[in-house]
Amino acid sequence: MRTAVIGYSGAGKSTLAKRLGERYSCPVLHFDRIGWTEGWVQRDKEEGKALTARFLDENDAWILERLL
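Residues numbered from 1 in each chain as written. Predicted model: local features only at pLDDT ≥ 70, side-chain atom pairs only at ≥ 80, totals over all residues. Heavy atoms only, no water.

1. Concerning the overall build of the protein
Phase 1: Along the backbone of the protein there are 3 helices and 5 strands.
Phase 2: Start at the N end of the protein and walk to the C end: the helices and strands fall as β-α-β-α-β-β-α-β.
Phase 3: On C-alpha atoms alone, the protein measures out to a radius of gyration of 12 Å, which is about the 11 Å that the 2.2 N^0.38 rule sets for 68 residues.
Phase 4: In the protein, which comprises 68 residues, the proportion classed as buried is 26%.
Phase 5: In the protein, the share of contacts with a sequence separation of at least 24, taken over all contacts with a separation of at least 6, comes to 61%.
Phase 6: Side chains of the protein carry 11 positive and 10 negative charges; the gap between the two charge centres is 7 Å. (Helix = DSSP H or I, 4+ residues; strand = E, 2+ residues; numbered from the N terminus. Rg over C-alpha atoms; globule rule 2.2 N^0.38 Å. Buried < 20%, exposed > 50% of the residue type's maximum accessible area, 1.4 Å probe, protein only. Contact = heavy atoms within 4.5 Å. Lys, Arg positive; Asp, Glu negative; His and termini not counted. Charge placed at Lys NZ, Arg CZ, Asp CG, Glu CD.)

Written as structure tokens, this is what we have:
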């Protein structure tokens with residue numbers, strides 16, 4: 001299963017992605033965790049791309065959650 005949950009802020013994307021991940025035993029990648037570090041400091045784009053690529057390489061099935 002490969003699913004992307006995309007929507008507006010406050011629409012319930014994170015909750016839906018988490019529940020889908022639990023239901024189907026799939027890892028969930030929240031792009032807020034990729035784009036930002038602790039304290040909401042923006043992460044370097046190349047580092048974010050590398051983290052995303054590693055997640056996709058390591059997992060055959062996944063759920064992605066991203067702000068529209």
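Past the structure itself, the notes keep going.
2. Notes on helix α3 (residues 45–58)
Phase 1: Between its first and last C-alpha, α3 extends 20 Å over 14 residues, near the 20 Å set by a 1.5 Å rise per residue.
Phase 2: Every buried residue of α3 is listed here: Gly 48, Thr 52 and Phe 55. Taken down its axis, α3 places every buried residue within 60° of arc, on the same side. Structural note: α3 exposes Glu 46, Lys 49, Asp 57 and Glu 58 on the side pointing more than 90 degrees away from its buried face. (Expected span 1.5 Å × (residues − 1). Arc of directions from axis to C-beta.)

3. Some thoughts on the environment of Leu 51
Phase 1: On the secondary structure map, Leu 51 appears in helix α3.
Phase 2: Remark: the alpha-carbon pair of Leu 51 and Ile 34, spanning 17 residues in sequence, is separated by 7.0 Å.

4. Here we look at the pairing of strand β5 (residues 62–67)
Phase 1: Pairing analysis gives 6 bridges linking strand β1 (residues 2–7) to β5, with the strands arranged parallel. Pairing of Gly 7 across the sheet is with Leu 67, part of β5.
Phase 2: Here strand β2 (residues 28–30) runs beside β5; their pairing, made up of 3 bridges, is parallel. Bridging across to β5, Leu 29 finds its partner in Leu 64. (Pairing = 2+ DSSP bridges.)

5. Quick notes on the side chain of Asn 59
Phase 1: Take Asn 59: it is sitting in the loop between α3 and β5.
Phase 2: The class of Asn 59 is buried, set by a relative accessible area of 19%.
Phase 3: Polar side-chain contacts of Asn 59 include one of 2.8 Å to the backbone oxygen of Phe 55. (Polar contact = N/O pair within 3.5 Å; in protein donor to acceptor, adjacent residues only side chain to side chain.)

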